[in-house]
Amino acid sequence: MTITVTGATGHLGKLILDELKGHDARGVARRPEEAASGTRYGDYDKPESLVEAFEGTDVLVFVSASDVGRRTDQHRAVVEAAAAAKVGRIVYTSITRADTNPIPIAPEHLATEEHIRSTGVPFTFLRNNWYLENYTGNLPATLEHGVVLGSAGDGRVAGATRADFAAAAAVVASTDGHDNAIYELGGDHAFTLTELAEALSRRFQSRVSYRDLPVEEYARTLEGFGVPAAFAQILARSDAEIAKGALDVVTGELSRLLGRPTTTLDEFLARL
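Residues numbered from 1 in each chain as written. Predicted model: local features only at pLDDT ≥ 70, side-chain atom pairs only at ≥ 80, totals over all residues. Heavy atoms only, no water.

Trainee: Kindly report on the sheet that holds strand S3 (residues 39-41), identifying the contributing residues and their values.
Mentor: Across the sheet, which stays open at both edges, the seven strands sit in the order S3-S2-S1-S4-S5-S6-S8 with parallel pairing between neighbours. Each end of this open sheet is capped by a strand with a single partner; those strands are S3 and strand S8 (181-185). Looking at each pair of strands side by side, their axes are set apart by 20 degrees on average, direction ignored. Here helix H3 (residues 71-84) sits on the sheet and contacts strand S4 (59-62) and strand S5 (89-95); the angle it forms with S4, its principal contact strand, is near 175 degrees. (Pairing = 2+ DSSP bridges. Helix = DSSP H or I, 4+ residues; strand = E, 2+ residues; numbered from the N terminus. Axes fitted to C-alpha atoms, helices over the stretch in contact; angles between N-to-C directions. Contact = heavy atoms within 4.5 Å.)

Trainee: Can you break down the packing of helix H8 (residues 215-224) against helix H9 (residues 229-243) residue by residue, with the values?
Mentor: H9 packs onto H8 with a crossing angle of 140 degrees between their chain directions and a minimal axis gap of 8 Å. Compared by their axis directions, H8 and H9 come out oblique. Handedness of the crossing formed by H8 with H9: right-handed. Contacts between H8 and H9 involve Val 215, Glu 216, Tyr 218, Ala 219, Leu 222 and Glu 223 from the former and Ala 229, Ala 232, Gln 233, Leu 235, Ala 236, Arg 237, Asp 239 and Ala 240 from the latter. (Parallel < 35°, antiparallel > 145°, perpendicular 65-115°, else oblique. Left-handed = near helix turned anticlockwise from the far one by under 90°.)

Trainee: Before we move on, can you summarise unusual backbone geometry with the specific residues and values?
Mentor: In this structure, Asn 180 takes a positive phi of about 60 degrees despite not being glycine. Looking at the secondary structure, you find Asn 180 in the loop between helix H6 (162-174) and S8. Backbone geometry places Gln 205, a non-glycine residue, at a positive phi of 50 degrees. Topologically, Gln 205 is positioned in the loop between helix H7 (193-204) and strand S9 (209-212).

Shown next as structure tokens:
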């Protein structure tokens, strides 16, 4: 069985390929210069490059693009190329409860799921919760100022590590019994941003607290840190939905696929 993984040079795609060592697995990179031995070139923005990249694929692990706001067209190109290449199954990395989630990025994922369904190709949807890494990308500044900022209130996030999500994707791609399955994936224990700040304080022996901001103030603050205005609005509005429970989705499905508990927040921080 040949497994092809898109986004092979990205954070998640690399980890999935690592998990698939020992299988007939290959990656697809979006830039020609990144396509090396065992990696094909296939650009989401150049549909003509994708069919050839997917030829001979039994299972396509379709890692969603990172270009928020452009993904509907990009993903349509990937799905149509997969159907044209006659792949046996599409494993797509979606978002928690894509069909009902009010978070601003969910509609792109739902549109992709619907397009995959329309092709008739067997699918597996991996509806991933937030990556724990989302909260440590600017860790030095967080520790320097002693504050986690957000608009999530007491909302809980069932986050998990990229490594956990990657391991689950590898299991689903390399084993049978997942045709037309939808998995709601996340950590075994959800946490608030206040609990995140407390965990950071324990790990780094430095006082860190959570400061909850009004949505528009948080968006302006992110812009002040250099985040583009449109994306700052998406992040702030996402937090507002987290406050209402959009990511408080604990199902146990990720740990069942892994055959072990998911990585806890404290375990994740201990490895940094």
